[in-house]
Amino acid sequence: MKLLSINTAPAQALLTAQGSVLSGIRKQPQSGPVAVAPLGLAGDEQADLSVHGGLAKAVYAYPVEHYPFWQTVRAQARVAGWDEALAPGSMGENLSLQGLLESQVWIGDILRFADCELVVSEPRFPCFKFNAVMGFNQAAKLMTQNAWCGFYLAVQRPGSLSAGESFELIAGPREVGVTELFKARTSKKKN
């Protein structure tokens, strides 16, 4: 398992179908070590603290294994820039991870890095802002259908992270899986 990219962004205006809103979803890769504090990564902001950020959702991780799917559906939708490779951070994630899918992660699991420990707290639930950055209105629906949501992390041990470093998954209580929790909560919204 590897941390391929660390991505941050300031909160800035984002044009959506609902108009212009403030968002920190447009993450950009960072070089060198990035400090990790209880409320997240140095240089990263969240605009709507009711759904992002805080102690329980300080860091958002996303598996890069899903990127080819998003590249394909963007091409099918012929969105602007559809023929360009999606850069790390395109899903709004702070950590672009390789080798760890949502189906392999449980609430309470720990991602142990050399200088930092992060604990899995909950799945990410997509909204209209995800549609805006993907460039088509069905993106959030596709994320929900596939349960390719990524997951939020709380900071258990502050420190720093560097792109390219490996990490270890330490099993938590293994009572509630990220995918199962995501599906349970999103099915309730449909009813």
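Whatever comes next refers back to the structure up there.
Fair warning: this is a prediction, and the values are worked out from it, not measured in the lab. Along each chain, residue indices are assigned from 1 in the same order as the chain's sequence is written. Thresholds applied to this predicted model are a pLDDT of at least 70 for local features of residues and 80 or more for the giving and counting of side-chain atom pairs; totals over whole chains, interfaces and linings are not thresholded and use all residues. Calculated side-chain values reflect all of the structure's heavy atoms, with hydrogen atoms and water omitted.

A. Representation of the packing of aromatic side chains within the structure. Side-chain rings of Phe, Tyr and Trp (the six-membered ring for Trp) are treated as a pair once their centres are within 6.5 Å; stacked means planes under 30 degrees apart, edge-to-face means over 60, and tilted covers the remaining angles. The final tally for this structure, using the stated rule, is 8 aromatic pairs. Look at tryptophan 70 and phenylalanine 130: their rings are 5.3 Å apart centre to centre, the planes differ by 85°, and that puts the pair in the edge-to-face class. Within this pair, whereas tryptophan 70 is found in helix H1 (residues 67-77), its partner phenylalanine 130 is found in helix H2 (residues 128-134), the two being separated by 60 residues in sequence. Taken individually, tryptophan 70 and phenylalanine 130 each receive the classification buried, so the pair is uniform in this respect. Runs of E in the DSSP output that reach at least two residues are strands. Runs of H or I that reach at least four are helices, and both are numbered from the N terminus. We call a residue buried when its accessible area falls under 20% of the maximum for its residue type, exposed when it is over 50%, and partly exposed in between, using a 1.4 Å probe and counting protein chains only.

B. The arrangement of H1 in detail. Inspection of H1 places Tyr67, Trp70, Gln71, Val73 and Arg74 among the buried residues, and these make up the whole buried set. By the convention used here, residues are in contact when the closest approach between their heavy atoms is within 4.5 Å. Where the residues of H1 are buried, they touch strand S7 (59-63), strand S8 (95-98), H2 and helix H3 (139-146). In the segment just after H1, arginine 78 is the residue with positive phi, at about 55°.

C. Spatial organisation of unusual backbone geometry. Unlike most non-glycine residues, alanine 147 shows phi in positive territory, near 60°. If you trace the backbone, alanine 147 turns up in the loop between H3 and strand S11 (151-157). Take alanine 147: its relative accessible area is 3%, and that puts it in the buried class. Within the chain, arginine 174 stands out as a residue other than glycine whose phi angle is a positive 55°. Looking at the secondary structure, you find arginine 174 in the loop between strand S13 (168-170) and helix H4 (178-190). Residue arginine 174 is classed as partly exposed on the basis of its relative accessible area, which comes to 33%.

D. Region of interest: the pairing of S8. Strand pairing is assigned whenever DSSP detects at least two bridges linking the two strands. Bridge count for strand S1 (residues 2-8) against S8 is 4 bridges, and the pairing is antiparallel. Residue pairing for S8: lysine 2 is matched across the bridge by glutamine 98. Inspection of the sheet shows S7 paired to S8 by 3 bridges, in the parallel sense. Across the sheet, residue proline 63 finds its bridge partner in S8, namely leucine 97. In terms of handedness, the path from S7 via H1 over to S8 forms a crossover that is right-handed. For crossovers, right-handed means that the path from the first strand over the helix to the second runs clockwise, given strands pointing away from the viewer.

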